[in-house]
Each structure stands twice: as C-alpha cells, then as structure tokens.
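Residue-level structural notes
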Amino acid sequence: MTTEPWRLRATVVCALALSAGAALPARAQSSAPRPAPPTSNDSTVALLTELIRANSSNPGGSTELVAKILAPRFEARGFEVKIIPTPDSGKVHFIARLKGDGSKKPVLIAAHSDVVGVERDKWTVDPFGGVIKDEHVYGRGAVDVKGGMAVFVRAALMLAERHVPLARDVIFLSEADEESGPYNTEWLAKNDWNDINAEFALNEGGWIMKDDDGHVRYVSISTADKLSIPLTIVAHGTSTHSSMPRPDNPIFALSRALAKISEYETPLTITPAQKKFFLALSKTSKPPMSTYLRDVVGDDPVAAKKADAIVSKDPLLHSLIRNTIAPVIINGGFRANVIPGSAQATVNLRMIPGSDPAALVATLKRIVADTSITMTLSRAVYGVTPPSSENTDLYRALERAARTEFPGVEVTPYLFQAGTDAGAWRSRGVPVYGIYPYPIDADELTRMHGNDEKVSIKSLRQGTEMMFKALVDVAGKK
Ligand SMILES: [Zn+2]
C-alpha cells in the first residue's frame, strides 16, 4: 500500500492515501543476503534486520532467502518445518508448526515474505540494509510486513523457549506472492490446505495507532478487507495524422471522462464493524471531532453528511466509509504525429464487502455520458467473503492482550481499507483477524510502500509482548 499523511488536528490520527506516490517495482539487485550491519541485542529487532537484508522484492526478489533465515530458528526450537516450493523458482511458502496436545484445532499466524520494490534514489538509507537509526529499524518491509513477521516469529518461538504447554498446534506461515503474482495463499490453499488448516488465523490488517507523543490511542483488529477491483476505461476514436485533428480524439475523451469521475463522490456505506470502529475513535477524540466521528456512522442522514465533509478530509477515514475510485494507470498514443485510435485508463475500485461493483460502474457510465467510452470490470482481486466473527477465542485473546499491553486503550473491530491474502481462509469458513503488531504513528504509516520505511524498536518490543500474551491465551493449556 501507499500511504500519505494528513492530520486534520491532533485528535485525528493519520491517513492512508492508497493512490499517491506509488513506488516503482525494482528488480532485486542481488539474490544473496547483505552482510550484517551492527544490530541491537533485542531479538525481534535482530531478526527484522536480517529479514530486510533478504531482498524479497516482488517481482525479482526471493522469498526463499526469508525461509532460509527462518528455518534454522524454528528447527532449533522443535517446530516441524516445511518449505513449499512453487512453480516459480525463488518463490516459496514456509510453514513451521509447534505441536500442542491436539485437544483444540490449530491457530495459524501468517505474514507475507514478499515486499514491494523501491525508488532507491529517494531513500536516505539502503532499503535492503537493515539499518538501525534513531531507535528505528529502516528498510523495505519494516512495516509491511517483515516487522510483523519478526514479531509473530519471535512470539511463536517464545512459546517453545518458555516451554508453554499447548492445547493446540501453533502454525506460523511465511507467504509468497501477496503483493502480486499467482503463487499466493489461494495457490497454497489449493495445493496444501492440510498444512494451513486452522480454527482461526492471524494476518496483517488493523492498526495500533499512537499519537506523535507515543501514546497509543486505539487498537483495531480487522475482521474483513475491502475488495480491490480493477476497472478498465477505454475511449475510442479515429486514428489519423495529428495535423488533421478530429472531434473524437480519444485522449481528450478519456480526459473528460476522468475529470467527471474525479468530481463524483460515492455515498456513505457503513458496516457494523466500521460503526464500532468510529464510535471507538470518537471516544478517544476531543470535541468537536468526537461528535463528527459519531455522527458520520449515525442514523441522522443530515448530520452524517455534515460529519462526512469533515471526517473525510482524512484519506484513511474517507476510505473506510465508502467505496473509493482511484485512477492508477493511463495509456494512450505512441508517436508525436499520430492521433491514437484509443486511450485507456486503469481505475482501482476499492469496494466495501457487500456493495455491488456493477452498480458503481453503471453510475460512472451515467456520469461520463459518452458513447465512445467503454468500461470493463475485472474480477475481484480478493473474493467476497463475510466478515470474521468477533466471537472467537482468538479475537478475545487479541483483545485481552491489547488491553493488557496498552492499558486503557480502545480495542475495536475494523474493516481493513486495503486487501490482504486472508481470502484463502475466510472463503473456506476460517475466521481471519488482521493486525500490524506494533504501535505506529502517522509518519511511519506514510512510509509504508513509500520511502524510508521504518518501525520503532520500542514498538517492536511492545508488539512482541502483546503477541506472546495473545498466543499463550489462545493456545496455552488452561
Ligand atoms: Zn502487506
């Protein structure tokens, strides 16, 4: 994801602009891990720096490098380890299982091992160097999601190190192809379901948001993801010599269509989880923002509309209460003296589960009102599945661990504004919860998929403690 900060005021957290500043994928420069720079003694931090140095950029990098870092650690602690190759060399899934007594079904904790590429010249440190600076770990994946992987791995290893008796197996999964590519968890689930079948699973998703002063405001646990659906818009015209322009120039037509779409705002669409999230956010905010956050999910349409105008200045909050429309790629023309026969835009629709993409496209066609324009929906990148129940041992364990680690904090379910690879489990009836397991602030959130991505060392420690508590709670013998 791409992120961008936006602070209305100190009481509103942060923002995520999914369309801005996309990093260009870069081919991995080398398949070998870098030599180790100086590392902290903290083992979550040390592991994260190693994971960052294993360049697993997708495309071009190798998730096998990640598996090679993880395997000996898990084997040394008595986990059953399995590396699952895919038809693409260098892309592997990695599974480590710590056996319980089998009285309960397993719990699975998962993190993708691939990362997006970098705009290297815009970084102030080596993005694959695992650099520690100013009490932060820097590098591609620090937040998304090698930091999360390091926390999950350490929490799982601590179960073995501290000899916690387990009622259920704890399965750790490092996934390939989450950022893009065919050998993702859907592929894994089709080929190796038995190894990843569980009562419930934990993945990336919700946030532990902190203010600039480091105070944690809330913990959100995602129970569903928005659906990412590409829409292709094509303007058709006459291909001819550019010295004789005609009225049907497709580049003009496409520009007019996109300009009209840019002025359209989708209506408020509030899910039950989002209502809880905004009410929790309202409790941690000061007036008048607390009122707006409550009204925007309330039953009074006039108050909701007024609140929407304020709340939606924050791009993250804006994205949580409606379907969104973002042009992401535009193509048209090939020579300076040729008017092309067509021009094309790819528009990324992010849909609240339960909304109808075809209905949104019908609305866009009506707004554009141009017969030279065609619009074609691609299949949903992430399948339509119901939200995961909050009434499970894992959800409750996460909630309790969050309240213990961050006393007084609001804990709330959440609809994740982007997509994850949770669909492989949710579509098979296995509840999946999402959390990036470290307190993060608006600035750090901005850098996810961006430049100088970083996570704080203190946050990694807090996250490891919280996750260890949650795993003991959900998997330990009572
Ligand atoms: Zn991710």
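Okay, so let's go over this structure. (Residues numbered from 1 in each chain as written. Predicted model: local features only at pLDDT ≥ 70, side-chain atom pairs only at ≥ 80, totals over all residues. Heavy atoms only, no water.)

This part covers the overall build of the chain. Within the chain, the secondary structure is distributed over 14 helices and 17 strands. Burial analysis of the chain (478 residues in total) assigns 57% to the buried set. If you take every contact in the chain between residues at least 6 apart in sequence, the share linking residues at least 24 apart comes to 78%. If you sum the accessible surface of the chain, you get close to 19,200 Å²; carbon and sulfur atoms cover 53% of it. Of the charged side chains in the chain, 55 are positive and 53 negative; the average position of the first set lies 2 Å away from that of the second. (Helix = DSSP H or I, 4+ residues; strand = E, 2+ residues; numbered from the N terminus. Buried < 20%, exposed > 50% of the residue type's maximum accessible area, 1.4 Å probe, protein only. Contact = heavy atoms within 4.5 Å. Areas by Shrake-Rupley, 256 points an atom, 1.4 Å probe, with all protein chains shown as cover. Lys, Arg positive; Asp, Glu negative; His and termini not counted. Charge placed at Lys NZ, Arg CZ, Asp CG, Glu CD.)

Turning next to the environment of Ser 290. Looking at where Ser 290 falls in the secondary structure, it is placed in helix α7 (residues 289-295). Once the C-alpha coordinates of Ser 290 and Leu 279 are considered, the two residues, eleven residues apart in sequence, prove to be 8.5 Å apart. The residues touching Ser 290, leaving out its near neighbours within four places in the chain, are Ser 282 and Ser 285.

The next subject is the coordination of the zinc ion. Surrounding the zinc ion are the protein donor atoms His 112 (NE2), Asp 144 (OD), Glu 204 (OE) and Glu 204 (OE), which sit 1.8 to 2.7 Å from the metal. In primary-sequence terms, the residues that donate to the zinc ion follow H-x31-D-x59-E. Here the residue His 112 occupies a position in strand β3 (residues 107-112), and Asp 144 occupies one in the loop between β5 (136-138) and α3 (146-161), the gap between them amounting to 32 residues. For His 112, a relative accessible area of 0% puts it in the buried group. The buried category is assigned to Asp 144, whose relative accessible area is 4%. (Donors = N, O, S within 2.8 Å, 3.2 Å for Na, K, Ca; no water.)

Glancing now at the packing of aromatic side chains. A complete count under the given rule lists twelve aromatic pairs for this structure. Note on Phe 277 and Phe 278: the rings are 5.4 Å apart at their centroids and 85 degrees apart in plane angle, and the pair reads as edge-to-face. For the pair Phe 277 and Phe 278, one class covers both residues: buried. Note on Phe 416 and Tyr 436: the rings are 6.2 Å apart at their centroids and 50 degrees apart in plane angle, and the pair reads as tilted. Taken together, the positions of Phe 416 in strand β15 (residues 410-416) and Tyr 436 in strand β16 (residues 432-440) put the pair 20 residues apart, joining distant regions of the chain. Phe 416 sits in the buried class, given a relative accessible area of 0%. Given a relative accessible area of 2%, Tyr 436 falls into the buried group. (Phe/Tyr/Trp six-rings, centres within 6.5 Å; stacked < 30°, edge-to-face > 60°.)

Read these as layout, nothing more, since geometry by itself doesn't imply function.
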